[in-house]
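Next come the chains, spelled out residue by residue.
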Amino acid sequence: MQDIDELYQLILNRKANPKEGSYTDYLFTKGLDKILKKVGEESTEVIVAAKNDSDDEFIYEVADLTYHVLVLMANRGISVDQIKRELAEREGLMSKTKERRDIQDL
Ligand SMILES: N=c1c2ncn([C@@H]3O[C@H](COP(=O)(O)OP(=O)(O)OP(=O)(O)O)[C@@H](O)[C@H]3O)c2ncn1[C@@H]1O[C@H](COP(=O)(O)O)[C@@H](O)[C@H]1O
């Protein structure tokens, strides 16, 4: 079982220690434009899958997009923890916004 943190660590490892035959290494070698092209393609595939009935296809495409976004983050030097922190900060902000909305609704 590979969770997102483990996959991100493996991607970072591929960046630091290029491995022959590794798809991740292939993406880093090709560079930012190639990674962005893949993120764009995979995003479109998620949208198409979301319009279809198959949950398996949808899950497959979201997993593909997740992997490519993690490669994009690693290429930029942004960690999963930085994204988690941003989401955690939003949690506080969002509940304050909700409190304000609730007060306005009174
Ligand atoms: N999670 C993934 C993962 N998801 C998708 N992909 C690759 O993303 C590609 C998407 O398919 P496409 O048909 O769109 O692309 P393609 O025709 O193969 O390649 P392009 O020429 O379009 O770049 C496939 O080659 C998949 O193998 C992944 N490649 C690797 N991982 C994980 O990354 C880790 C390291 O893998 P390696 O770098 O290959 O050792 C391992 O744990 C893997 O499971």
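Above this text sits the structure in question.
The text that follows walks through the structure, step by step, so that each part is easy to find. All of these numbers come straight from a predicted model, not from anything done at the bench.

As a further point, take the site of the ligand. The environment of the ligand is made up of 14 residues, and the closest members are Arg14, Ser22, Tyr23, Thr24 and Lys38. The contact in question runs from an oxygen atom of the ligand to an N or O atom on the side chain of Thr24, over 2.5 Å. For the ligand, the protein covers 59% of the area, taking 830 Å² as the surface of the free molecule. Elements represented by at least two residues in the shell around the ligand include exactly α1 (4-16), α2 (23-30), α3 (32-51) and α4 (55-76). Residue classes in the shell around the ligand are distributed as 5 nonpolar, 4 polar and 5 charged.

Aromatic rings in a pair are described by how distant their centres are and how their planes are angled relative to each other. All chains considered together, the criterion is met by 2 aromatic pairs. Judged by centre distance (5.3 Å) and plane angle (40 degrees), the rings of Tyr23 and Tyr26 are tilted. Separated by 3 residues within a single helix, Tyr23 and Tyr26 lie in helix α2, roughly one turn from each other. Among the residues examined, Tyr26 registers a relative accessible area of 34% and is labelled partly exposed. Taking the centre distance of 6.2 Å and the plane angle of 40 degrees together, the rings of Tyr23 and Tyr67 count as tilted.

Remark: α2 packs on α3, axes separated minimally by 5 Å, with the N-to-C direction vectors making an angle of 120 degrees. With respect to each other, α2 and α3 are oriented oblique. Mapping the contact onto sequence places Tyr23, Tyr26, Leu27, Phe28 and Lys30 in α2 and Leu32, Lys34, Ile35 and Lys38 in α3. Considering only residue class, the contact of α2 with α3 consists of 6 nonpolar, no polar and 3 charged.

Further remarks concern a nonpolar patch on the surface. Together, Phe58, Ile59 and Val62 line one region of the surface with nonpolar side chains, adding up to about 240 Å² of accessible area. Looking at where Phe58 falls in the secondary structure, it is placed in helix α4.

With that settled, consider the side chain of Arg14. Here Arg14 shows up in helix α1. In this structure the side chain of Arg14 is engaged in a polar contact, spanning 3.4 Å, whose partner is the side chain of Ser22. Setting aside residues no more than four positions away along its own chain, Arg14 makes contact with Lys19, Ser22 and Thr24.

What follows concerns the environment of Asn75. Looking at the element boundaries, Asn75 is found in helix α4. A relative accessible area of 27% means that Asn75 is categorised as partly exposed. The spatial distance from the C-alpha of Asn75 to the C-alpha of Leu32 is 7.5 Å, given a sequence separation of 43 residues. In this structure Asn75 touches Lys15, Phe28, Leu32 and Ile35, once residues within four positions along its chain are discounted.

Rules used throughout
Residues numbered from 1 in each chain as written. Predicted model: local features only at pLDDT ≥ 70, side-chain atom pairs only at ≥ 80, totals over all residues. Heavy atoms only, no water. Near = heavy atom within 4 Å. Polar contact = N/O pair within 3.5 Å; in protein donor to acceptor, adjacent residues only side chain to side chain. Areas by Shrake-Rupley, 256 points an atom, 1.4 Å probe, with all protein chains shown as cover. Helix = DSSP H or I, 4+ residues; strand = E, 2+ residues; numbered from the N terminus. Nonpolar A, V, L, I, M, F, W, Y, C, P; charged D, E, K, R; others polar. Phe/Tyr/Trp six-rings, centres within 6.5 Å; stacked < 30°, edge-to-face > 60°. Buried < 20%, exposed > 50% of the residue type's maximum accessible area, 1.4 Å probe, protein only. Axes fitted to C-alpha atoms, helices over the stretch in contact; angles between N-to-C directions. Parallel < 35°, antiparallel > 145°, perpendicular 65-115°, else oblique. Contact = heavy atoms within 4.5 Å. Patch = residues over 30% accessible without salt bridge, like charges linked within 9 Å, V, L, I, M, F, W, Y side chains within 5 Å. Salt bridge = Lys/Arg side-chain N within 4 Å of Asp/Glu carboxyl O.

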